[in-house]
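Examining the three-dimensional arrangement
Listed here are the chains, written in short residue letters.
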Amino acid sequence: MPLLQDRGRWRSGPVARIPRVPEDRLAATWRQADPDRIEAALRASQARNPGGWYVAAPSTQVASGRSVTRIVAGREVVLWRGADGALYAGPGACPHLGALLDGCPVIGHSLRCRWHGLALGPRGAEGWQPYRAADDGVLAWVQLPGDEAATAQPAAPQLRPPLARSVAAVVSMTGRCEPVDVIANRLDPWHGSWFHPYAFSHLRVDDAESTVDRLVVDVTFRLGRTWGVPVRAEFVCPDARSVVMRIVDGEGSGSVVETHATPVGTDERGRALTEVVEATIAFSDRPGFARAQRVAPLLRVGMRRTATRLWRDDLAYAERRYALRATAS
Ligand code: FES
Ligand SMILES: [Fe+2]
């Protein structure tokens, strides 16, 4: 790809020569990161009904032939696939003597409890009612009964690019915080250039385009000290436990990074535990992207590595927010 000069910046395709700004010349963003503004966006996000849907696991973690269990919102949940690959879910304890239904063989559409072989399937059994489950091709969801008005399907996957022309990678991590802390971190984009200088620079929130429900951000994804990929992205919360960043202009337009916060329960000291599952779904209309799809396994490793580093930092932010709240109360 030839180097072209564009508005004083050297570009090669989507990549531009945008040198990283050293710390001593980086403009402070704390004035823009107004706590009241972040709080208002957070309040708006928390009013959005998740419909009882929780991300239980990346789809690939529910293999055929064996059940897996997870703790979701303090409940044991078992997930398995029927003979046709369909995802099913139910309470994680066997209704007979309470065995944990983890690692059970699946025969046809039913799993068999490992203690005494009771068959538990999509039709349920006495004292054991299955939950609704959904596999969106990237994530496995479970719908738990509770206070939230049930909806037909989770909202976040509807914002995705077509999966057949995308490369998806999922990372998950557990933090000592509540889902709201994970969402609050994402609704503060102003920390990007300061807290993640290895990943972002030249970050500017477009105040004219942003509302309490949508933040529009111009940002450069760093490829190193000298080169970067400038894009325009929006952040929206399709439900109270999810934030979706979507590239709306620039390389990879239509690509999304979905961040899902699933409450797990509490640790031995009573502190909240939250599982953060982040799905990066990279999409591009460029002809070269078809080639990229063929090297998808390699690309996934790279995507996972960046997301993991970002999330270590962002989880520390969320945990700090939770710790401050815990000491204040
Ligand atoms: S505990 Fe499951 S069949 Fe007995
Ligand atoms: Fe961050």
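Look a little higher up for the structure.
Since the model is a prediction, treat every value here as computed from it, not as a measurement.

Interaxial distance between helix 1 (residues 35–46) and helix 2 (residues 179–186) falls to 10 Å at its minimum, and their mutual angle equals 130°. When the interaxial angle is binned, helix 1 and helix 2 end up oblique. By crossing handedness, the relation of helix 1 to helix 2 is classed as right-handed. Here helix 1 contributes Ile 38, Leu 42, Ser 45 and Gln 46 to the contact with helix 2, which in turn contributes Val 180, Ile 183 and Ala 184. By residue class, the composition of the contact of helix 1 with helix 2 is five nonpolar, two polar and no charged.

Moving on, we come to the pairing of strand 7 (residues 87–91). In the case of a regular strand, side chains alternate between the two sheet surfaces. In terms of burial, strand 7 is a largely internal element, five of the five residues being buried. By the bridge criterion, five bridges tie strand 6 (residues 75–81) to strand 7 in an arrangement that is antiparallel. Paired with Leu 79 across the strands is Ala 89, a residue of strand 7. If you look at the hairpin formed by strand 6 and strand 7, you'll find five residues sitting between the two strands, and Gly 85 has a positive phi there, around 90°.

Another point: the environment of His 109. Along the chain, His 109 falls in the loop between strand 8 (106–107) and strand 9 (110–112). Spatially, the C-alpha atom of His 109 lies 7.1 Å from that of Arg 81, the residues being 28 residues apart in sequence. The residues contacting His 109, other than those within four sequence positions of it, are Gly 82, Ala 83, Gly 121 and Pro 122.

This part takes up the sheet that holds strand 10 (residues 119–120). The strand order 8-9-10 describes an open sheet built from three strands, whose pairing is antiparallel. On the outer flanks of this sheet lie strand 8 and strand 10, each paired with one strand and no other. Strand direction decides the pairing type here: strand 9 and strand 10, joined by two bridges, are antiparallel. Each bridged residue has a counterpart across the sheet, and for Leu 111 the counterpart in strand 10 is Leu 120.

Analysis parameters
- Residues numbered from 1 in each chain as written.
- Chains lettered and ligands numbered in written order.
- Predicted model: local features only at pLDDT ≥ 70, side-chain atom pairs only at ≥ 80, totals over all residues.
- Axes fitted to C-alpha atoms, helices over the stretch in contact; angles between N-to-C directions.
- Helix = DSSP H or I, 4+ residues; strand = E, 2+ residues; numbered from the N terminus.
- Parallel < 35°, antiparallel > 145°, perpendicular 65-115°, else oblique.
- Left-handed = near helix turned anticlockwise from the far one by under 90°.
- Contact = placed C-beta atoms within 7 Å.
- Nonpolar A, V, L, I, M, F, W, Y, C, P; charged D, E, K, R; others polar.
- Buried ≥ 20, exposed ≤ 12 C-beta atoms within 10 Å, placed from the backbone.
- Pairing = 2+ DSSP bridges.

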